[in-house]
Amino acid sequence: MTVQPANRGIIEPMQRSPEGAVVEATGLGMSYPVNGRRLQALAEVDFEVGAGEFVTIIGPSGCGKSTLLRLAGGLLKPDRGSITVDGDSPKAGRRSKKFGLVPQSPALLPWLTVRENLTLLPKVNRSQGRGPVGDGEIQALLEAIGLAPFADTLPSALSGGMQQRVSLARAFALRPPVLLMDEPFAALDEITRSQMRFLLLDVWRDTGATVVFVTHSIEEAVLLSDRVLVLTARPGRLSAELTIKLDRPRLRGIEDGDEFHRHTSELRAALNSAAGVSFSPEDR
Ligand code: ADP
């Protein structure tokens, strides 16, 4: 995939990963111990995510999306198959700060101000030849997330949605080659969610990061992605893969177009089929 040239640099590009598969899962399986038995969360999952690609994983609730992301992030170890990030184990990738993980709820340091939360971790995590994030970039990020007036405020004074925006900006400030995002916009109101989606697209375009994104929103998946992988109900298996052929850059208003609706309909059908839902005349 060719990354589009930046036309609005919020943040400097990070080091590009080499071309080829950046995230690669082979025969991936994972189960959890529950009441003395093993609950199978994922089974035989194979996929690849190329350098600079934006790939979304979607599926019914409880199908193993978060498990998949936690495996990619090295927070869990698979009990079958393997997953690699840039050819390394996720644990090694974690050590060398190859990826940033954006969780569903904000994880900010409560004793630091918003600005300090954005600057401190990127300073500590300087690795792979990446320099410190400049004041100008931090200011641009603060403005992009609409929190410049709150730069010197502690997280406790912010709403949950505002904290999540800081959490996102911090992931961007880290400039990781790979961003793993677990429903990062789920807790935001509709207007903020839409703004953050377009901000993510801007930052992704500027940095050329590889993104693995989890959502249960069909519209979000279509708006953001190059490809969408659909998981079945638990245990999660890959049941469909859709290429989103909408032109980039994707601008506000794109959601109203016929092409967008065609994609959402196709994805909805794939998701219904993955969840075992069928709509026949007898269903009505
Ligand atoms: P999703 O993100 O698609 O909603 P998850 O990956 O969170 O799904 O969970 C997949 C399945 O694994 C669910 O049935 C969930 O209850 C179970 N699960 C997730 N984490 C654990 C855990 N730590 N212990 C036991 N079961 C878990």
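Conventions we followed
Residues numbered from 1 in each chain as written. Predicted model: local features only at pLDDT ≥ 70, side-chain atom pairs only at ≥ 80, totals over all residues. Heavy atoms only, no water. Near = heavy atom within 4 Å. Polar contact = N/O pair within 3.5 Å; in protein donor to acceptor, adjacent residues only side chain to side chain. Areas by Shrake-Rupley, 256 points an atom, 1.4 Å probe, with all protein chains shown as cover. Helix = DSSP H or I, 4+ residues; strand = E, 2+ residues; numbered from the N terminus. Nonpolar A, V, L, I, M, F, W, Y, C, P; charged D, E, K, R; others polar. Axes fitted to C-alpha atoms, helices over the stretch in contact; angles between N-to-C directions. Parallel < 35°, antiparallel > 145°, perpendicular 65-115°, else oblique. Contact = heavy atoms within 4.5 Å. Pairing = 2+ DSSP bridges. pLDDT = per-residue confidence, 0-100. Core = buried A, V, L, I, M, F, W, Y, C linked by side-chain atoms within 4.5 Å. Buried < 20%, exposed > 50% of the residue type's maximum accessible area, 1.4 Å probe, protein only. Phe/Tyr/Trp six-rings, centres within 6.5 Å; stacked < 30°, edge-to-face > 60°. Expected span 1.5 Å × (residues − 1).

Trainee: What should I look at first to understand the site of the ligand in this one?
Mentor: The immediate surroundings of the ligand are formed by 14 residues, with G62, G64, K65, S66 and T67 found nearest. Separating an oxygen atom of the ligand from a backbone N or O atom of G62 is a distance of 2.8 Å. Within the contact set of the ligand, an oxygen atom lies 2.9 Å away from a backbone nitrogen or oxygen of K65. In the complex, 65% of the free accessible area of the ligand, which totals 570 Å², lies under the protein chains. Broken down by secondary-structure element, the contributors of at least two residues to the shell around the ligand are strand 1 (21-34), strand 2 (37-50) and helix 1 (65-72). Taken together, the residues of the shell around the ligand sort by class into 6 nonpolar, 5 polar and 3 charged.

Trainee: Looking at this structure, I do not really get the packing of helix 5 (residues 160-173) against helix 6 (residues 190-207). What am I missing?
Mentor: Packed helices, taken two at a time, are described by their axes: the angle between them and the distance between them. Their axes nearest at 12 Å, the elements helix 5 and helix 6 cross at an angle of 5°. By the angle between their directions, the pair helix 5 and helix 6 is classed as roughly parallel. On the side of helix 5, the interface is formed by R165, L168 and F172, while helix 6 contributes T192, M196, L199, L200 and V203. The residue inventory of the contact of helix 5 with helix 6, partitioned by class, reads 6 nonpolar, 1 polar and 1 charged.

Trainee: Would you explain the sheet that holds strand 1 in this entry?
Mentor: Pairing is antiparallel in the open sheet, where 3 strands are placed in the order 2-1-4. Lying at the two open borders of the sheet, with one neighbouring strand each, are strand 2 and strand 4 (80-85). For this sheet the average axis-to-axis angle between neighbouring strands, irrespective of direction, equals 25°. Pairing analysis gives 10 bridges linking strand 1 to strand 2, with the strands arranged antiparallel. Within the sheet, the bridge partner assigned to E24 lies in strand 2 and is E48. The strands that helix 1 touches are strand 1, strand 2 and strand 4; relative to strand 1, the one it contacts most, it runs at about 120°.

Trainee: What is the right way to read the confidence of the model for the protein chain from this model?
Mentor: The predicted coordinates should not be examined in detail at positions where pLDDT is low. For the protein chain, the average pLDDT comes to 86, and 86% of its residues sit at 70 or higher. Confidence over residues 1-8 falls short of pLDDT 50; this stretch has 17 contacts with residues more than four positions distant or in other chains. Counting contacts from residues 279-284, a segment whose pLDDT is below 50, to residues more than four positions away or on other chains yields 2 contacts.

Trainee: Looking at this structure, how should I read the nonpolar core?
Mentor: Side chains of nonpolar character tend, in soluble globular proteins, to be buried together. Counting 50 residues, the largest nonpolar core has I58, V166, F172, M181, L200, F213 and L267 as the members making the most contacts within it. The residues contacting M181, other than those within four sequence positions of it, are L69, V102, L168, L200, V211, V212, F213 and V214.

Trainee: Hey, could you run me through the packing of aromatic side chains in this one?
Mentor: Aromatic ring pairs are defined here through the distance separating the ring centres and the angle between the ring planes. This model, assessed by the stated rule, comprises 3 aromatic pairs. Ring centres of F54 and F213 lie 5.7 Å apart, and the angle between their planes is 45°; on these two criteria the pair is classed as tilted. Of this pair, F54 sits in strand 3 (residues 54-58) while F213 sits in strand 7 (residues 210-214), and the two are 159 residues apart along the sequence. The two residues F54 and F213 agree in class, both being buried. Geometrically, the ring pair formed by F185 and F213 is tilted, given 5.8 Å between the ring centres and 50° between the ring planes. Taken together, the residues span a long stretch of sequence, with F185 in the loop between strand 6 (178-182) and helix 6 and F213 in strand 7 at a distance of 28 residues. As far as burial versus exposure is concerned, F185 and F213 are alike and both buried. Members of the aromatic cluster, connected to one another through ring pairs, are F54, F185, W204 and F213.

Trainee: Would you explain helix 6 in this entry?
Mentor: Each turn of an α-helix holds 3.6 residues, which means side chains three or four residues apart point in the same direction. End to end, helix 6 covers 26 Å across 18 residues, agreeing with the expected 26 Å (1.5 Å per residue, within 8%). A distance of 3.1 Å separates the backbone nitrogen of I191 from a side-chain oxygen at the start of helix 6, and that oxygen is part of D189. Of the residues flanking the end of helix 6, it is G208, one or two places downstream, whose phi is positive at about 70°.

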